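Working through the structure, step by step
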Amino acid sequence: MRRLTELLRPSYGQKLSLLATVPLIAAVAAIAVLVAHQSRALAEREIRALEVQLLEAKKAELRNYVTQARNGFYFIYGNAAPDDQDARDQVAQILSAMIYGEEGFFFVYDYDGYNVVSPRQTERINRNWLDETDSEGTPVVASLLDIARQGDGYLTHLWPKPSSGEEARMITYVTSFPSWRWAVGTGVFIDDVLATVATARAEVEARVQQTFIYIMAIAFAALLLVFLTGMVLNIRERRLADAKLKKLTQRVLDAQEEERGRVARELHDGISQILVGVRYALDTARRKLDRGDPTAADPLGKGIETLGEAISEVRRISRDLRPGVLDDLGLGPAIKTLTEEFSARTGIETGFDTVVFRNRLDPEAKIALYRIAQEALTNIERHASATYVRVDIRGHKRGATLRIEDNGRGLPAHGGMPVSGGLGLRNMQERVEQLDGTFRIFPPGNGPGTVIEVSVPLTHLLSPTSDSAKAPKVPA
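So, a few notes on the structure that sits alongside this text. (Residues numbered from 1 in each chain as written. Predicted model: local features only at pLDDT ≥ 70, side-chain atom pairs only at ≥ 80, totals over all residues. Heavy atoms only, no water.)

A count of helical and extended segments in the protein gives ten helices and 15 strands. Across the 476 residues of the protein, 35% fall into the buried class. Expressed as a percentage of contacts within the protein between residues at least 6 apart in sequence, the contacts between residues at least 24 apart total 61%. Entry remark: accessible area of the protein is about 28,200 Å², with carbon and sulfur atoms responsible for 57%. (Helix = DSSP H or I, 4+ residues; strand = E, 2+ residues; numbered from the N terminus. Buried < 20%, exposed > 50% of the residue type's maximum accessible area, 1.4 Å probe, protein only. Contact = heavy atoms within 4.5 Å. Areas by Shrake-Rupley, 256 points an atom, 1.4 Å probe, with all protein chains shown as cover.)

Pasting the structure below:
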């Protein structure tokens, strides 16, 4: 369970990926809000257009009703005098009979505000309604009379339904009979129009919300897929990393064991044998001294000479483990000393070239380049059968480069490129990779042999003032 928890724990890269998804989430949310806003705006324009069309249809219907009614009694009104009461009563009777639908009727008001005709609300007849207002404060009768005096027109207002007495919105069309000082008109309730518009708005809102949910669901699914993919990759990469770590650990242990074996062999084959010789010489000198032999000084001198060789061998092994000249004088003198000792030990002609660095290498780069040079010279000594070795180290504007070239038999090639599975070469490459540098192995341009070229980037060069107070200016 703990192992599974560690595998599922987000890595640093996944945390960065999750952080990078925040702008994506914000962008998706902004797109969803913008789509919703634009959809609502477009739908609202369409609904308003629909509402206008329905109301215009209602208005045209009302105008048609009034026109038809007027045509029905216009012969009476046109032939009557302004004070002909009989003609007025006859027209009023005709209008009272003109009811339609469940709520439709014609009304008549005189210019003073008295109701003359109201067939569905007879309690209003012969009463003055000039000051009447609806629940919104609209002076209905006064407004209708003002419109009639101007000729004709429409008024939207609230009016109680004859069937229920409940106030509802209606559109009224009114025209005038100027000689009789009448305002004649009819109205129609627009509940159906308002209900249609409200239903359309509700449907639009539902569609917008549904679209918003779809967008967010798709975004969530995409983010979930990205996260799960990252988790799968994380688990896979961790498994690969664990395998590589185990392999690297084993290689480190192998390298340690190899180094221990090398030191043990040198101690056994070198120091141990020398010390045995010293003991033998001292023992011989002691026996001669016990006998009073005057030649006792000869084995004693031989033992002292051999002890000096042991001390030199101990110093050599110590330099191989950690050369003091690397810390005291820098990389250039350390590698120069290494090549001189290599030439003296093996008899192989060795050349060394370098330049004084403008900047000094940091400790990690110095140790890595020294060990690479040490490993390369050891490989040449053991396997190359070379007669000449050239070592070159110098700094440049891109960093520092170490180049080691020999004229030996070279490495086996595969596909035109030299390859080797030796532990030493792998150790070199890993040291360079830890410095973010480059490691190349290739044959020289002329003749047999091998070239090892190592470059470290400029980031491993210290500025001249970084520790000038601590040490004098010396080569790398």
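From this point, things continue past the structure.
Turning our eyes to something else, we now look at helix α8 (residues 331-346). For α8, spanning 16 residues, the distance from its first C-alpha to its last is 22 Å, which sits close to the expected 22 Å at 1.5 Å a residue. Every buried residue belonging to α8 is among L331, G332, A334, I335, L338, T339 and F342, and all of these are buried. The arc enclosing the buried residues of α8, seen along the axis, measures out at 165 degrees, which places them on a common side. (Expected span 1.5 Å × (residues − 1). Arc of directions from axis to C-beta.)

Together, F220, L224, F227 and L228 line one region of the surface with nonpolar side chains, adding up to about 370 Å² of accessible area. Looking at L224, the relative accessible area reads 38%, which means it is partly exposed. (Patch = residues over 30% accessible without salt bridge, like charges linked within 9 Å, V, L, I, M, F, W, Y side chains within 5 Å. Salt bridge = Lys/Arg side-chain N within 4 Å of Asp/Glu carboxyl O.)

Moving on to the environment of A376. Along the chain, A376 turns up in helix α9 (residues 363-384). Taking the C-alpha atoms as reference points, A376 and M428, 52 residues apart in sequence, are found 8.6 Å from one another. If sequence neighbours within four positions are ignored, A376 has contacts with I404, M428 and I452.

It is worth spelling out the nonpolar core at this point. Across soluble globular proteins, nonpolar side chains have a tendency to be buried as a group. By size, the foremost hydrophobic cluster in this structure holds 35 residues, and its most contacted members are I335 and L402. Those elements that provide at least two residues to this core are α8, α9, β9 (388-396), β10 (399-406), α10 (423-434), β13 (438-442) and β14 (450-457). Ranked by residues supplied to this core, first place goes to α9 with ten residues. Apart from the residues lying within four places of it in its own chain, the contact partners of I335 are F352, L369, Y370, A373, V391, I393 and L402. Grouped together as the second largest cluster of nonpolar side chains are 31 residues, A69, Y173, W180 and V188 included. (Core = buried A, V, L, I, M, F, W, Y, C linked by side-chain atoms within 4.5 Å.)

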